[in-house]
Amino acid sequence: MDVGSLKAHIKTKELPHIMIFAGDEWQVQKIYIEQIAKALQLEKKRVDAVSDILPALRNKSFVKQSFLYVIRDDKEFVASEKLQNYVTKTIENTASYLILLITKLDKRTKFYNSHKDMIVEFTALPDMWLKKYIKNYIPDMSERNCNTFIELCEHDYGRILLEIDKVKNWHDAYVEDKEQDIGLQGAFLRLVTSGVIYRPPADAIFDLVEAILMRDVEKSFALLEESYASGEATMVMLTVLFNNAKAVLQVQTCTSNNISKSTGLTNWQIMSAKKVAGHYKEAELIKMIHKIKEVETKIKTGKIEDKFAMDYLLLSIL
Amino acid sequence: MRLFGQQKLLNNLSRIADDKFPLFSIIVGPKGSEKNVVAVMIAERMKDSVVHCGISIVDVRTTISTSYKVKMPTAYLFEDVDKMSNEAKSALLKITEEPPNRCHFIMTIESIASMPATIVSRAAVFYTDAYTKDELNAYAESVDVDNVVCEFCDTPGDIDVFKTNNPDDFLEYVDLVLDNVAQVGIANSLKIGDKIALKENADGYDLRLFWKAFMYECMQRAEEELPKKVAFDYASGALLTSKYVSELVSVRGVNRNMLFLDWVLEIRREWE
């Protein structure tokens with residue numbers, strides 16, 4: 001089911017008893033949940049698991065109350081076909097409705113395939129709409145700053161609303177304190193500069209690899225923390241470091257005038273390697289490559305824990 | 001279905017009465033050792049319907065739940081399960097503990113080490129036979145490939161892979177690498193991997209076969225050069241390469257690019 005069909009169902013008040021919402025736009029999902037509750041004239045009730053509502057659904061009393069149940073990420077329900085069939089059969093004989101929210105939808109699973117028609121995916125809103133929403137709250141926001149705002153919030157409508165709230169509150173407090181109005185756009189710019197509006201750590205992995213190859217110990221460990229914080233996988237870090245170390249070794253040891261022909265590297269790879277070359281001797285680069293491979297194998301054979309592997313590697317090579 | 005070897009394995013299997021054949025069995029053998037053919041032959045002997053199963057967690061769970069409902073004798077074949085995830089392997093424990101009566105579960109695998117001990121202890125494990133020179137020669141002849149390939153191919157599957165890798169060019173490349181890997185500059189030597197398939201389904205020579213051909217060539221040269229010192233260099237090169245072949249086969253999800261580059265640097269260090 002797409003969002004358009006859901007809107008149509010809400011208008012006609014003919015909704016399926018079980019709906020599944022997936023996708024990142026939780027704020028938009030929240031709006032639709034409110035709309036559905038209003039259309040069905042039901043009270044919204046958030047619970048942890050589908051199994052918690054079964055006794056209420058089975059209750060055949062005439063005076064029982066019906067609800068719009070909202071449940072997020074019930075893994076037991078998603079994994080159990082038996083439970084899914086039972087709940088579907090039971091809830092259809094009641095006046096209650098269930099909205100299941102799934103944070104990360106795996107389209108390879110049997111659950112997705114058998115419930116495709118019930119799933120409404122709330123994908124990221126187009127930038128055009130996001131700009132419109134931003135300008136609703138900050139009318140004097142320039143086009144350029146709108147784009148920056150959208151990038152900083154990673155195109156997430158929910159985050160945009162939260163950051164707008166931050167901007168407004170800061171602006172009001174500033175005006176009260178300084179008796180000077182810098183406007184909401186001015187407030188936004190000040191908050192970005194001072195880091196109060198969170199800037200996602202983009203490309204931390206490439207900065208990390210650069211820091212390691214330039215032998216900047218402090219920066220390497222700081223960027224390692226940042227890479228872990230942004231969810232980068234150890235294996236990805238190892239692979240990127242390995243490929244770059246190999247390129248640096250090739251560029252550093254190449255005696256030919258035509259480095260590209262000699263090494264098979266592209267001009268961009270050669271340029272990137274030259275930028276960080278010279279901080280390690282040939283033997284040290286070879287040792288680094290051996291160490292990376294050793295760590296990678298040890299992770300895969302369970303001889304070293306993933307979370308310590310990069311620290312161990314950095315201590316060995318820096 | 002014709003087998004080019006595995007007579008000893010088949011004889012051993014034929015000694016087990018049909019009604020006593022284990023409900024859960026694992027056939028272990030290197031790539032191309034016809035273990036999947038043996039698995040199908042077992043199923044046909046039991047007069048089971050044969051179901052080839054996927055190895056994803058969803059496929060395993062579906063197979064398990066279906067197996068408890070079927071009424072006719074069925075053999076569920078899980079082929080080449082080295083790549084099966086740990087979650088899928090754990091899911092298999094259920095059928096090893098309470099296997100449904102009318103079903104046989106047969107898994108084929110390259111390395112028993114990649115199977116959890118809990119599953120292995122509940123299965124009947126059969127190992128494929130090593131192929132004799134005569135068997136490999138017979139297969140090479142049947143597919144019109146030079147018999148020299150039998151010196152470094154261990155299985156009919158290896159011979160098939162060798163055949164698809166332009167054989168003459170392949171052997172020439174092995175010689176070229178052997179002659180030059182320690183002679184050229186590092187930057188140049190790191191390009192050797194460009195002609196090797198270092199990723200799944202990539203174009204290039206099969207890595208394991210390349211190394212095995214390299215080892216064979218090293219030993220040939222070692223024999224020719226005895227008693228000179230260089231003979232020992234060739235022998236040490238073969239020994240070093242064998243460790244990498246072993247790692248390639250035994251470590252699940254090994255990064256071939258890293259492994260190969262590591263080998264290049266080590267061979268250079270060994271032969272400097």
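Not measured: the values here are computed from a predicted model.

1. Points about the confidence of the model for chain B
Residue and element names in this part refer to chain B.
Here is step 1 of the chain: Per-residue confidence for chain B gives a mean pLDDT of 87; residues scoring 70 or more make up 99%.
Here is step 2 of the chain: Here helix α4 (residues 86–97) is the element of chain B with the lowest mean pLDDT, 81, and helix α12 (residues 256–271) is the one with the highest, 94.
Here is step 3 of the chain: If you check the scores for this complex, the pTM reads 0.62 and the ipTM reads 0.73.

2. A short note on a negative patch on the surface
Residues and elements named next belong to chain A.
Here is step 1 of the chain: A cluster of acidic residues, Asp-172, Glu-176, Asp-177 and Glu-179, forms a negative patch on the protein surface.
Here is step 2 of the chain: Structurally, Asp-177 can be placed in helix α9 (residues 157–178).
Here is step 3 of the chain: In this structure Asp-177 comes out as exposed when scored by relative accessible area, which is 58%.

3. What to know about the packing of aromatic side chains
Here is step 1 of the chain: Summed over all chains, the structure comprises 26 aromatic pairs over all chains.
Here is step 2 of the chain: Between B:Tyr76 and B:Phe105 the ring centres are 5.3 Å apart and the planes differ by 20 degrees, which places this aromatic pair in the stacked class. With B:Tyr76 in strand β3 (residues 74–78) and B:Phe105 in strand β4 (residues 103–109), the pair connects residues that are 29 residues apart, well separated along the chain.
Here is step 3 of the chain: The buried category is assigned to B:Tyr76, whose relative accessible area is 4%.
Here is step 4 of the chain: Using a relative accessible area of 1% as the deciding quantity, one classes B:Phe105 as buried.
Here is step 5 of the chain: When the ring of B:Phe214 is compared with that of B:Trp271, the centres are 6.0 Å apart and the planes differ by 20 degrees; the resulting orientation is stacked. With B:Phe214 in helix α10 (residues 207–225) and B:Trp271 in helix α12, the pair connects residues that are 57 residues apart, well separated along the chain. The pair B:Phe214 / B:Trp271 is uniform in exposure class, with both members buried.
Here is step 6 of the chain: Its guanidinium or amino end placed over the ring of A:Phe67, A:Lys45 lies 4.5 Å from that ring's centre, counting from NZ or CZ.

4. Topic: unusual backbone geometry
Here is step 1 of the chain: Cis geometry marks the peptide bond from B:Leu226 to B:Pro227; its omega dihedral reads 5 degrees.
Here is step 2 of the chain: In this fold, B:Pro227 is placed in the loop between α10 and α11 (229–250).
Here is step 3 of the chain: One non-glycine residue, A:Arg215, adopts positive backbone phi at about 60 degrees.
Here is step 4 of the chain: Position of A:Arg215 relative to the elements: it lies in the loop between α11 (204–213) and α12 (217–229).
Here is step 5 of the chain: Backbone geometry at B:Glu34 places phi at a positive 65 degrees, although glycine is not the residue there.
Here is step 6 of the chain: With respect to the element layout, B:Glu34 can be found in the loop between β1 (24–28) and α2 (35–45).
Here is step 7 of the chain: The exposure class of B:Glu34 is buried, given its relative accessible area of 13%.

5. Description of the sheet that holds strand β1 (residues 18–22) of chain A
Residues and elements named next belong to chain A.
Here is step 1 of the chain: One open sheet holds the 5 strands; their spatial order is β2-β3-β4-β1-β5, and the pairing between them is parallel. Edge positions in the sheet fall to β2 (43–47) and β5 (119–121), since each of these pairs with one other strand and no more. For this sheet, the mean angle separating the axes of adjacent strands, direction not counted, is 25 degrees.
Here is step 2 of the chain: In the sheet, β2 pairs with strand β3 (residues 67–72) via 5 bridges, with the strands oriented parallel. Within β3, the position partnered with Arg-46 by the bridge is Val-70.

6. Observations concerning the interface of chain B and chain A
Here is step 1 of the chain: If you look at the interface, chain B gives 19 residues, while chain A gives 24 residues.
Here is step 2 of the chain: Roughly 1900 Å² of surface becomes buried between chain B and chain A when both sides are summed, with 65% attributable to carbon and sulfur atoms.
Here is step 3 of the chain: When the buried surface of chain B facing chain A is broken down by residue, B:Ile186, B:Ala187 and B:Met258 rank first, second and third, together holding 30% of it.
Here is step 4 of the chain: The tally of links between chain B and chain A comes to 1 salt bridge.
Here is step 5 of the chain: Here B:Glu247 ties to A:Lys293 by a salt bridge, and the two come within 2.9 Å at their closest N and O atoms.
Here is step 6 of the chain: Secondary-structure elements contributing two or more residues to the side of chain B that touches chain A are α9 (186–189) and α12 of chain B.
Here is step 7 of the chain: Counting residues per element, the side of chain B that touches chain A draws most heavily on α12(B), which supplies 7 residues.
Here is step 8 of the chain: Residue classes in the side of chain B that touches chain A are distributed as 10 nonpolar, 4 polar and 5 charged.

Rules and cut-offs
Residues numbered from 1 in each chain as written. Chains lettered and ligands numbered in written order. Predicted model: local features only at pLDDT ≥ 70, side-chain atom pairs only at ≥ 80, totals over all residues. Heavy atoms only, no water. pLDDT = per-residue confidence, 0-100. Helix = DSSP H or I, 4+ residues; strand = E, 2+ residues; numbered from the N terminus. Patch = residues over 30% accessible without salt bridge, like charges linked within 9 Å, V, L, I, M, F, W, Y side chains within 5 Å. Areas by Shrake-Rupley, 256 points an atom, 1.4 Å probe, with all protein chains shown as cover. Salt bridge = Lys/Arg side-chain N within 4 Å of Asp/Glu carboxyl O. Lys, Arg positive; Asp, Glu negative; His and termini not counted. Charge placed at Lys NZ, Arg CZ, Asp CG, Glu CD. Buried < 20%, exposed > 50% of the residue type's maximum accessible area, 1.4 Å probe, protein only. Phe/Tyr/Trp six-rings, centres within 6.5 Å; stacked < 30°, edge-to-face > 60°. Lys NZ or Arg CZ within 6 Å of the ring centre and 35° of its normal. Pairing = 2+ DSSP bridges. Axes fitted to C-alpha atoms, helices over the stretch in contact; angles between N-to-C directions. Contact = heavy atoms within 4.5 Å. Buried area = accessible area lost by both parts, 1.4 Å probe. Nonpolar A, V, L, I, M, F, W, Y, C, P; charged D, E, K, R; others polar.

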